[in-house]
Amino acid sequence: MGCKQAYVPPVHSANNSFLVVEGFINNGQDSTYIYLTHTFSLADTGNVTPELHAKLTVEGKDNSSYPLQEWGNGQYGTTSLALNNSLQYRLHIKTSTGKEYLSDFLDLKTSPPIDSISWKRTGDGVQIYANTHDPQNASHYYRWEYQEAWEFHSVYFAYLQWVNMKIEPLNPNPFYTCYKYAISTSVLINSTTKLAKDEVYLFPLELIPPNSWMISVRYSMLVKQYVLTPDAYNYWQDLQKNTEQIGSIFSPQPFALTGNIHAVADTSEPVIGYLSAGTLQKVRIWITPDKIPNWQLGYYADCDLLNIPSDSLYFYLEVQKASVPVSEEVISPTVSRWNIAAPACVDCTLTGTLTPPPFW
C-alpha cells in the first residue's frame, strides 16, 4: 500500500460553457424531445445549467418549418411531426441571447420493429436483451435506450409513529409502497455490417444484480430502438470509447468528439451532441419476482430490528433520532417492548416516491 499515491492530473481550467444538444427528431405520433444544456468544468459541483427561452425549429429542404415548444428546464419539443421520408431535415436553434446554431441536414431513418425484449436469470442476476432484425437488410446501425420503473415496499410495515414524544397508531401507513425511476446511462449500440443477415440477437441492455429490490414487487422497462446513419454510429462509438472504455493502460486515449451541430457565427465554437431523425420503435416489458428462479430479497445491511423497553423510547426516538417505531410486543397487560428500526427501512419515501407511473 505504501507505493500507491494519489495523482491529480493538471487539467487546463477554462470558463467555457459550450452548448449541449440532446434529442431525436421523431417522425410520427411519438413526441420529439430536444434538451439544451451547457458544459461545466470538472471542479464544478453545481447543477447542470439548462438553456432557457430558446427558439427551436425543424426545417426541411423544401423550406417547410415546424416550431418546437418550450416545456421548461431546457426541454423543447412537440407531440408529433408529419415529415416527408424522402426529404432531409435539420434543427435550427436561436438562443435568448441571439446566438444561432444549425444541425446538418439529416436523413430520416426508419427503425424496423423490435422482435422482443427478453431476459434470462443468470448467476450474476437478471440479464435483459434486445432482439431485432431488418428483412430489407437496410438498417445495420442500431442504438437503444431505456426507461425503468419499479414498485418496492419498505422492509418493515410500521403500525406506530412517534409524535410529540409518545407512541401513536399509524393508520393507514402511507410510507410502505413506493416507486423509483431510472434511465439508461450506457451507450447501447450495435452494428450488423459484418453479418450475413441484418439481425441482432440477445444484445445485452442491462444486468440487474442478483436479488435486487428493483424486482421486489413489479418492474417495468420501456426500450426505444433507433436506426443510425454510419456517421451517427461512429459518433456514438467514439462517445462510448471516451466514457466507458478508459481507465486502464490498454484503453484508448480520450479525444474530442465532433458532432453534427454548428454555431452559425463562429464555426470553430464547439457544440456537444449529435442529432438524428427518423422513426423509432419501442416495447415495454414487465418482470415480477415470482417469475425468476431463486430470487430471494435480502434486507438492507442496517435494517435489523432493535427490541427495546418502554423506558428507552425517549433515548432512541427523541434523543438519537436514528430510529422510528415499527410495532409493539406485549409482554403483559402492563409491560410492553417495542420494535424499532432505521427510518430508511420503514419510510420508503426516503429512497423513492409515492407517485406511481401513469402507465402503472
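The structure under discussion appears in the preceding block.
The following refers to the structure shown.

**Quick look at the nonpolar core**
Part 1 of the reasoning: In terms of nonpolar packing, the biggest core is built from 38 residues, with Ile128, Trp144, Leu205, Ile215 and Tyr219 touching the most fellow members.
Part 2 of the reasoning: Those elements that provide at least two residues to this core are β10 (114–122), β11 (125–133), β12 (141–153), β17 (199–208), β18 (218–227) and β21 (281–287).
Part 3 of the reasoning: Per-element tally for this core: the top contributor is β12, with five residues.
Part 4 of the reasoning: Leaving out residues up to four positions away in the same chain, Leu205 has contacts with Ile117, Gln127, Ile128, Tyr129, Ala130, Trp144, Tyr146, Leu188, Met221 and Val223.
Part 5 of the reasoning: Counting 23 residues, the second largest nonpolar core, distinct from the first, contains Ile25, Leu83, Leu91 and Tyr101.

**Considerations on the sheet that holds β17**
Part 1 of the reasoning: Pairing is antiparallel in the open sheet, where three strands are placed in the order β10-β11-β17. Of all strands in the sheet, those with a lone pairing partner are β10 and β17, marking the two edges. Across this sheet, the average inter-strand angle for adjacent strands is 25 degrees, counted without regard to direction.
Part 2 of the reasoning: As paired elements, β11 and β17 share seven bridges and run antiparallel to each other. Bridge assignment links Val126 to a residue of β17, and that residue is Ile208.

**Remarks on unusual backbone geometry**
Part 1 of the reasoning: Of note, the amide linkage connecting Asn171 to Pro172 takes the cis form, showing an omega dihedral of 0 degrees.
Part 2 of the reasoning: For Pro172, the location among the structural elements is in the loop between β14 (166–169) and β15 (177–183).
Part 3 of the reasoning: In this model, Asn63 sits at a positive phi of 70 degrees, which is unusual for a non-glycine residue.
Part 4 of the reasoning: Within the secondary structure layout, Asn63 lies in the loop between β3 (55–60) and β4 (65–67).
Part 5 of the reasoning: Using a relative accessible area of 74% as the deciding quantity, one classes Asn63 as exposed.
Part 6 of the reasoning: Within the chain, Asn73 stands out as a residue other than glycine whose phi angle is a positive 55 degrees.
Part 7 of the reasoning: Along the chain, Asn73 turns up in the loop between β5 (69–72) and β6 (75–78).

**Quick notes on the side chain of Asn339**
Part 1 of the reasoning: Counting through the fold element by element, Asn339 comes out in strand β24 (residues 335–341).
Part 2 of the reasoning: Overall, Asn339 belongs to the buried group, its relative accessible area being 13%.
Part 3 of the reasoning: A polar contact of 2.9 Å, which involves the side chain of Asn339, links it to the side chain of Asn307.

**Some words on the environment of Ile128**
Part 1 of the reasoning: Following the sequence through the fold, Ile128 ends up in strand β11.
Part 2 of the reasoning: As a C-alpha pair, Ile128 and Phe203 span 75 residues in sequence and 8.3 Å in three-dimensional space.

**Description of the sheet that holds β24**
Part 1 of the reasoning: The strand order across the open sheet built from three strands is β22-β24-β23, with neighbouring strands paired in antiparallel fashion. Sheet topology places β22 (306–309) and β23 (324–332) at the edges, where each strand pairs with a single neighbour. For this sheet the average axis-to-axis angle between neighbouring strands, irrespective of direction, equals 30 degrees.
Part 2 of the reasoning: Sheet topology places β22 next to β24; four bridges connect them, and they run antiparallel. Among the inter-strand pairings, Pro309 is bridged to a residue of β24, identified as Arg337.

**Quick notes on the packing of aromatic side chains**
Part 1 of the reasoning: For the structure shown, the criterion picks out 15 aromatic pairs.
Part 2 of the reasoning: Cluster of aromatic residues (ring-pair linked, three or more members): Tyr179, Trp286, Phe359 and Trp360.
Part 3 of the reasoning: Over the ring of Phe105 we find Lys61; its NZ or CZ atom is 5.2 Å from the centre of that ring.
Part 4 of the reasoning: When the ring centre of Trp236 is taken as reference, the NZ or CZ atom of Arg143 above it lies at 4.2 Å.

**A short note on the state of the cysteines**
Part 1 of the reasoning: One pass over the full model with this rule turns up two disulfides.
Part 2 of the reasoning: Sulfur-sulfur distance for the disulfide between Cys178 and Cys348 comes to 2.0 Å. Note on the Cys178 and Cys348 pair: the S-S dihedral is about 65 degrees, so by sign convention the disulfide is right-handed. Note that Cys178 is positioned in strand β15 and Cys348 in the segment after β24, a separation of 170 residues in sequence.
Part 3 of the reasoning: Classification of Cys178 as buried rests on a relative accessible area of 0%.
Part 4 of the reasoning: We classify Cys348 as buried; its relative accessible area is 1%.
Part 5 of the reasoning: Between the sulfur atoms of Cys303 and its disulfide partner Cys345 the distance amounts to 1.8 Å. One disulfide, between Cys303 and Cys345, carries an S-S torsion of -95 degrees and so falls in the left-handed class. With a gap of 42 residues between them, Cys303 in the loop between β21 and β22 and Cys345 in the segment after β24 connect regions that are remote in the sequence. You'll find Cys303 and Cys345 in the same group, each marked buried.
Part 6 of the reasoning: Numbered by position along the chain, the disulfide-linked cysteines of the chain connect as 1-4, 2-3.

Criteria and thresholds
Residues numbered from 1 in each chain as written. Predicted model: local features only at pLDDT ≥ 70, side-chain atom pairs only at ≥ 80, totals over all residues. Heavy atoms only, no water. Core = buried A, V, L, I, M, F, W, Y, C linked by side-chain atoms within 4.5 Å. Buried < 20%, exposed > 50% of the residue type's maximum accessible area, 1.4 Å probe, protein only. Helix = DSSP H or I, 4+ residues; strand = E, 2+ residues; numbered from the N terminus. Contact = heavy atoms within 4.5 Å. Pairing = 2+ DSSP bridges. Axes fitted to C-alpha atoms, helices over the stretch in contact; angles between N-to-C directions. Polar contact = N/O pair within 3.5 Å; in protein donor to acceptor, adjacent residues only side chain to side chain. Phe/Tyr/Trp six-rings, centres within 6.5 Å; stacked < 30°, edge-to-face > 60°. Lys NZ or Arg CZ within 6 Å of the ring centre and 35° of its normal. Disulfide = S-S within 2.5 Å.

Geometric descriptors of this kind do not, in isolation, establish any biological role.
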